[in-house]
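# Observations on the model geometry
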Amino acid sequence: WLGKNLAPVPLKGENFDFKNLPLISLLPQKAFQTSKVDIQVAATKNEPLKSFRKAVLIVIASETLRKCPARLFSDEDLLDILSTILEPVTFDISSSTEATSSIYHFWKNIVYNIQDTDHKSFVFKEPAQLVAMHLQGLNMEQAVKLKMSVYRPKIEAGTPKVPVVLSIQRGRFYISCVSKDGQPVLQLEEATIQGNLDKSQLGRFLFYKIENGKHTRFESAECPEWFICTSSQNDEAVAMTKQPGGPRVIVDYSLTS
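Residues numbered from 1 in each chain as written. Predicted model: local features only at pLDDT ≥ 70, side-chain atom pairs only at ≥ 80, totals over all residues. Heavy atoms only, no water.

### Comments concerning the packing of aromatic side chains
- All chains considered together, the criterion is met by 5 aromatic pairs.
- Seen in terms of ring centroids, Tyr174 and Phe205 are 6.1 Å apart; in terms of plane orientation they differ by 75°. Their pairing is edge-to-face. Of this pair, Tyr174 sits in strand 8 (residues 173-180) while Phe205 sits in the loop between helix 3 (199-202) and strand 11 (206-212), and the two are 31 residues apart along the sequence. Accessibility classification places Tyr174 together with Phe205 in one group, the buried group.
- Taken together, the aromatic side chains of Phe122, Phe218 and Tyr253 make up a single cluster linked through ring pairs.
- Sitting over the ring of Trp107, Lys108 keeps its end group 4.4 Å from the ring centre. (Phe/Tyr/Trp six-rings, centres within 6.5 Å; stacked < 30°, edge-to-face > 60°. Helix = DSSP H or I, 4+ residues; strand = E, 2+ residues; numbered from the N terminus. Buried < 20%, exposed > 50% of the residue type's maximum accessible area, 1.4 Å probe, protein only. Lys NZ or Arg CZ within 6 Å of the ring centre and 35° of its normal.)

Take a look at the structure:
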């Protein structure tokens, strides 16, 4: 029985054609199938057409599922019923992004002797230049020591890299990578960097220390994929390169404390 306090209109039959019912003609065609069901339907002028339509569809769906061969009731079955009975629902999909902090937290300072794989040492030349030279005997005193300020690691581009700031001459000059005429260049700057580092303001001083077997590389944080390099020739300026495997440059270094 469908309806409330209504006089029922019995509609019984083994193969009743629901399309002959006046209001049923408004239902989707896929709802009409020859079905061996035993139901009674009652209609009234005061009952909203939409509610009547939903009620009839629920009865038809329930009886159809009951008569179907035994199988698991799937999500698709439920969606078919709901899409027919319920009003369409529009979903708004929104996305959000989480801001990443540009602050790098200071960890410790370490002082190293540095040489490239050709055994050239770093030498400071006035007014503010860093060159790589072969040194022997008493000339070894010219080699600068590299002060490395180490910061708490973050995951950069999916690869663990240790963020560091590099300075020489007792921390007076800092190595930086800046862009000039669209080309990254290495330079020495007088600065004072202590404690935590804000990459958004001092990113040119930040490098990523990357282990490459027994050696170490330094990639610029300001200019990704650019590495500190020395020339294969003696007494040439320390620079930046994007071709770490090039025949004329060296990007791997030995660090000893």
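Moving on, there is more to tell.
### Quick word on the layout of surface pockets
- In this model, the second largest pocket occupies a volume close to 160 Å³.
- Lining the second largest pocket we find Phe106, Asn109, Lys147, Ser149, Tyr151, Gly171, Tyr174, Ala191, Thr192, Ile193, Gln194 and Gly195.
- When residues of the lining of the second largest pocket are traced back to their parent elements, those giving at least two are strand 2 (106-116) and strand 5 (145-151).
- Broken down by class, the residue content of the lining of the second largest pocket amounts to 5 nonpolar, 6 polar and 1 charged. (1 Å grid on protein atoms, 1.4 Å probe; cavity = no way out; pocket = protein on both sides within 12 Å on 5 of 7 lines; lining within 4 Å. Points joined across faces, edges and corners; volume = space filled by probe spheres on them. Nonpolar A, V, L, I, M, F, W, Y, C, P; charged D, E, K, R; others polar.)

### Some thoughts on the environment of Lys145
- Relative to the elements of secondary structure, Lys145 occurs in strand 5.
- Assessed through its relative accessible area of 48%, Lys145 is described here as partly exposed.
- The spatial distance from the C-alpha of Lys145 to the C-alpha of Ser167 is 8.6 Å, given a sequence separation of 22 residues.
- Once residues lying within four places of it in the same chain are set aside, the contact partners of Lys145 are Val111, Tyr112, Asn113, Ser167 and Ile168.
- Only 2.7 Å separates the side chain of Lys145 from the side chain of Asn113, close enough to count as a polar contact. (Contact = heavy atoms within 4.5 Å. Polar contact = N/O pair within 3.5 Å; in protein donor to acceptor, adjacent residues only side chain to side chain.)

Spatial relationships are all this shows, so hold off on functional conclusions.
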